[in-house]
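# Examination of the molecular architecture
This is what each chain is made of:
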Amino acid sequence: MNKLVYLCCLMVLCSCTSVQSNYYVIDVPFTDQMQTEPKLKQGKGSIFAMLPIGIPAYLSRPQLVLRESNTEIRITENHRWGESLDKAIGRVLANSLTDKLTDINGVVVPSRLGLHPDYSIQLEISRFEGNLNASLEMVAFWTLQKNGKKILQSNFYRKVSTGTDYQDLVTAYGTILSLLADEIAKAIMQYELTK
């Protein structure tokens, strides 16, 4: 009987001390949503397959990762992604690129079996973290391929300011992905005009 009472008390104490987790999803900035509508013109455009996104192992976790210094990170137990970070990056980038490639009727979709795309886009991220009331930084390398042959490739680096809370930090993720989509879309458009 004493063990049962002890166990019940322990469960009540544990439930009282648990802290609620906050979950976040990345989206494009609100201004992008207002200015661009994902409308495709009539006719067939190019299909771009977004290959699985490469991210560092330390970012491949449900918790948000903050950069404390060049050699120190902090994993936030109570602030988590609502989906895996690599999938979120792929989703946001595909949606943003599709919006930005409307003039050539381009559609960006996740790569999957049975899909026969005209092009594929590969993104390898070596750094994508920051801190509150500081900045968020992305270092990446992207490649556009056709039939396994590299057509375009470029390094990408951006650093944007973050606000004082986690919502501001997550908004900064969307801002950087929108800037990356701008760069890739401009390169694709220029390639399409010169081929």
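See the structure shown above.
### Let's talk about the overall build of the protein chain
- Per the secondary structure count, the protein chain includes four helices and eight strands.
- The 195 residues of the protein chain split such that 42% are buried.
- When contacts within the protein chain are restricted to residue pairs at least 6 apart in sequence, long-range pairs at least 24 apart make up 70% of them.
- Summed over its atoms, the accessible surface of the protein chain is roughly 11400 Å², and 55% of this surface lies on carbon and sulfur atoms.

### Quick look at unusual backbone geometry
- You will see that Asn105, though not glycine, has its phi angle at about 60°, which is positive.
- Along the polypeptide, Asn105 turns up in the loop between α3 (85-100) and β5 (107-110).
- Backbone geometry at Asn147 places phi at a positive 55°, although glycine is not the residue there.
- As for its placement among the helices and strands, Asn147 is situated in the loop between β7 (135-146) and β8 (149-161).

### Overview of the layout of surface pockets
- Of the volumes computed, that of the largest pocket is approximately 250 Å³.
- Together, 14 residues line the largest pocket, and Met50, Pro52, Lys87, Gly90 and Pro110 are the ones closest to its centre.
- Elements represented by at least two residues in the lining of the largest pocket include exactly α3 and β5.
- Looking at which element gives the most residues to the lining of the largest pocket, the answer is α3, with six residues.

### A short note on the pattern of salt bridges
- This structure, assessed with the given rule, holds eight salt bridges.
- Between Glu68 and Arg74 there is a salt bridge whose closest N-O contact spans 2.8 Å.
- The class for Arg74 is partly exposed, based on a relative accessible area of 37%.
- The residue Glu129 makes a salt bridge to Arg127 at a minimum N-O spacing of 3.0 Å.
- Residues participating in the shared-partner salt-bridge network are Arg67, Arg127, Glu129 and Glu137.

Procedures and definitions
Residues numbered from 1 in each chain as written. Predicted model: local features only at pLDDT ≥ 70, side-chain atom pairs only at ≥ 80, totals over all residues. Heavy atoms only, no water. Helix = DSSP H or I, 4+ residues; strand = E, 2+ residues; numbered from the N terminus. Buried < 20%, exposed > 50% of the residue type's maximum accessible area, 1.4 Å probe, protein only. Contact = heavy atoms within 4.5 Å. Areas by Shrake-Rupley, 256 points an atom, 1.4 Å probe, with all protein chains shown as cover. 1 Å grid on protein atoms, 1.4 Å probe; cavity = no way out; pocket = protein on both sides within 12 Å on 5 of 7 lines; lining within 4 Å. Points joined across faces, edges and corners; volume = space filled by probe spheres on them. Salt bridge = Lys/Arg side-chain N within 4 Å of Asp/Glu carboxyl O.

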